[in-house]
Amino acid sequence: MTRLPRFGLLAAALSIGCTAAAPPRPAAPAGPRVVAGNGAEGFQDGVGAEARFRKPIRLAALGPESIVVADIYNHAIREVTLGGRVTTLAGGPDRKGHADGAAAEARFASPHGVAVSRDGAIAVAEATNHTVRLMTPSTDAAPRSSFVVSTLAGAAGVEGDAEGADAEARFRSPHAVLWDRDGSLLVCDIGNARVRRIRGGRVETVVGAEKGTFVYPMDLAWGKDGSLLVADAGANLVRTWSPAAGLGTLRTDAPLHTPHGVAAGPDGAVYVADMNAHQVVAVDAAGHVTRVFGTGEKGSGPGQLNKPAAVLVHAGHLWIADLDNHRIVVVPLGERTPGVRS
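In this report, the structure presented in the accompanying data block is examined. All figures in this text were calculated on a predicted structure; none of them were measured in a lab.

This paragraph deals with the overall build of the chain. On a plain count of helices and strands, the chain comes out with zero helices and 28 strands. Per-residue burial for the chain yields a buried fraction of 53% across its 342 residues. Contacts in the chain between residues at least 24 apart in sequence constitute 48% of all its contacts with a sequence separation of at least 6.

This next bit is on the sheet that holds strand S17 (residues 202-207). The strand order across the open sheet built from five strands is S13-S17-S16-S15-S14, with neighbouring strands paired in antiparallel fashion. Because the sheet does not close on itself, it has two edges, and the strands there are strand S13 (164-165) and strand S14 (174-179). Inspection of the sheet shows strand S16 (residues 194-199) paired to S17 by five bridges, in the antiparallel sense. By the bridge assignment for S17, Arg196 is matched with Thr205.

In this structure, Val68, Phe108, Val114, Ile122 and Met135 are the most contacted members of the largest nonpolar core, which totals 21 residues. Mapped by element, the contributors of at least two residues to this core are strand S4 (56-63), strand S5 (66-71), strand S7 (85-91), strand S10 (122-126) and strand S12 (147-153). Ranked by the residues each element gives to this core, the list is headed by S4, at three residues. In this structure Ile122 touches Leu62, Val68, Leu89, Val114, Ala115, Val116, Arg133, Leu134, Met135 and Phe147, once residues within four positions along its chain are discounted. Counting 16 residues, the second-largest nonpolar core is a separate cluster that includes Val35, Ala36, Val69 and Ile328.

Next up on the list: the packing of aromatic side chains. One pair of aromatic rings is described through two measures. These are the centre distance and the angle between the planes. Across all of its chains, the model carries zero aromatic pairs by this definition. Over the face of the ring belonging to Phe53 we find Arg78, whose NZ or CZ atom lies 4.9 Å from the ring centre.

The next thing to look at is the side chain of His175. Tracing the backbone shows His175 in strand S14. For His175, a relative accessible area of 12% puts it in the buried group. Once residues within four sequence positions are removed from consideration, His175 is found in contact with Arg58, His112, Gly113, Ala125, Ala127, Cys188, Ile190 and Met218.

Scanning the model with the defined rule gives 16 salt bridges in all. Salt-bridge contacts for Asp71 lead to Arg78; the nearest nitrogen and oxygen are separated by 2.9 Å. A salt bridge links Asp322 to Arg327, with the nearest nitrogen and oxygen atoms 2.8 Å apart. Residue classification places Arg327 among the buried residues on the basis of a relative accessible area of 4%. The network of salt bridges with shared partners includes Asp45, Asp71 and Arg78.

Burial runs high along strand S27 (residues 317-322): six of the six residues are buried. Neither face of S27 is left uncovered, since the one carrying His317, Trp319 and Ala321 and the one carrying Leu318, Ile320 and Asp322 both have all their residues buried. Examined bridge by bridge, strand S26 (residues 308-314) and S27 share six bridges and lie antiparallel to one another. Across the sheet, the residue bridging to Ala310 is Ala321, located in S27. Counted along the chain from S26 to the antiparallel partner S27, the turn is two residues long, and its residue Ala315 has a positive phi close to 55°. As paired elements, S27 and strand S28 (residues 327-332) share six bridges and run antiparallel to each other. By the bridge assignment for S28, Ala321 is matched with Ile328. Following S27, the chain reverses through four residues before pairing antiparallel with S28; His326 in that reversal takes a positive phi of roughly 55°.

A few words on unusual backbone geometry. A negative phi angle is the norm for most residues apart from glycine, just as the trans form is the norm for most peptide bonds. The phi angle at Lys55 is positive, at roughly 70°, despite the residue not being glycine. Mapped onto the elements, Lys55 comes out in the loop between strand S3 (46-47) and S4. Phi is positive for Ser173, close to 60°, though the residue is something other than glycine. Among the structural elements, Ser173 can be located in the loop between S13 and S14. Relative accessible area serves as the criterion here: at 22%, Ser173 is assigned to the partly exposed category.

Cut-off values and rules
Residues numbered from 1 in each chain as written. Predicted model: local features only at pLDDT ≥ 70, side-chain atom pairs only at ≥ 80, totals over all residues. Heavy atoms only, no water. Helix = DSSP H or I, 4+ residues; strand = E, 2+ residues; numbered from the N terminus. Buried < 20%, exposed > 50% of the residue type's maximum accessible area, 1.4 Å probe, protein only. Contact = heavy atoms within 4.5 Å. Pairing = 2+ DSSP bridges. Core = buried A, V, L, I, M, F, W, Y, C linked by side-chain atoms within 4.5 Å. Phe/Tyr/Trp six-rings, centres within 6.5 Å; stacked < 30°, edge-to-face > 60°. Lys NZ or Arg CZ within 6 Å of the ring centre and 35° of its normal. Salt bridge = Lys/Arg side-chain N within 4 Å of Asp/Glu carboxyl O.

Right, here's the structure in full:
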C-alpha cells in the first residue's frame, strides 16, 4: 500500500536570484500541506499558521490562486491564497446579525455556502438568517476586496418553504450555492430537502419537490459532463441530476459516511469530503473509491482530518475545509493512495 505523503505546516522556500523582469515567486512546497490555520480556533488574518478560523465550511474559487471561505462561527467571508495569506472580506465575530451595505459594516449569521460568479460577485448561503446574500464588487476606486452586501432572496430570521418573488420566498437553513451558466443561482435548501433556483427575481424548486428525494442535501457542484452533483449527507449518497436524465445516484464500490462536500476534477473523478470517515475520497468513472487524504481516524496530526466539510478543485490543487481543525488543507492534484478503500 502506498503511504500518504507527510503532512506539514506551510513553509515557503524563497527563490534566490533575480531576472530582468519581476522578482521570482516563492517556490510552493510539494505535497499535501496546511495553507492556513493551525488547529486552534479564533479569528485572525495573517499568513499560514498565524491565521485563525472558527469552523471553515465551504469554499469557492476567487482569484487565479485564491479561494473564498465561509467561516461559520466567525460570521465572516474570508479569502485564502495558495501561499497561505488570509484576508477577511466581510463580517466578523463581533458582527453577527443581518445588515446590508458596505462590506465593512455588513453583518452575517452563520454563513455556510459561497459561490463566485463570472463577474466576481460572491453569493452566500446564510443558514441562521435563512437568506441568500450577494457580495457585489464595489464600483469605486477601492481595491478588489471591497464589496457591497445585499439580500438576494429570503427574509432575515424568517424560515419557510415559500416560492415566488425573491423577497417573498422563504428558505430553511440554506447550506450551499452554485452559479449556473445562465447566471441563475442554485441553492441547497437543506431544511426543505430541495435544490432551488434564484432567477429573474424569483425562487423556484429545481429538484426535490417530491418528498423523499433528498434527506440532507448539503453541497452542489458541476460534474465534468455538465450534470449537477448533490452531496446528500443524510442519505450517505452523492446524487446526480440533469434536465435530460433526471435524478440518479453516483455509483460507488465502497460506502460513504456523511458526504458533506463534493467537487469534480478535470479527469472526471468526483471528490467527496466524507465527513464522518474523516477523509477525502475520489470516485472514478467505474465507481472505484480511493482515499485522497485523511487516515480514516479523526485527528490533527500528519495526514489527519477532523470532519472535512468541503472540497474544491482549483489552481492545480484539491482544497479541503478541515472543519473541526479550523484550517485549510491543499493536496496537489493527482496525489492519492491507490488501492485504499474507505
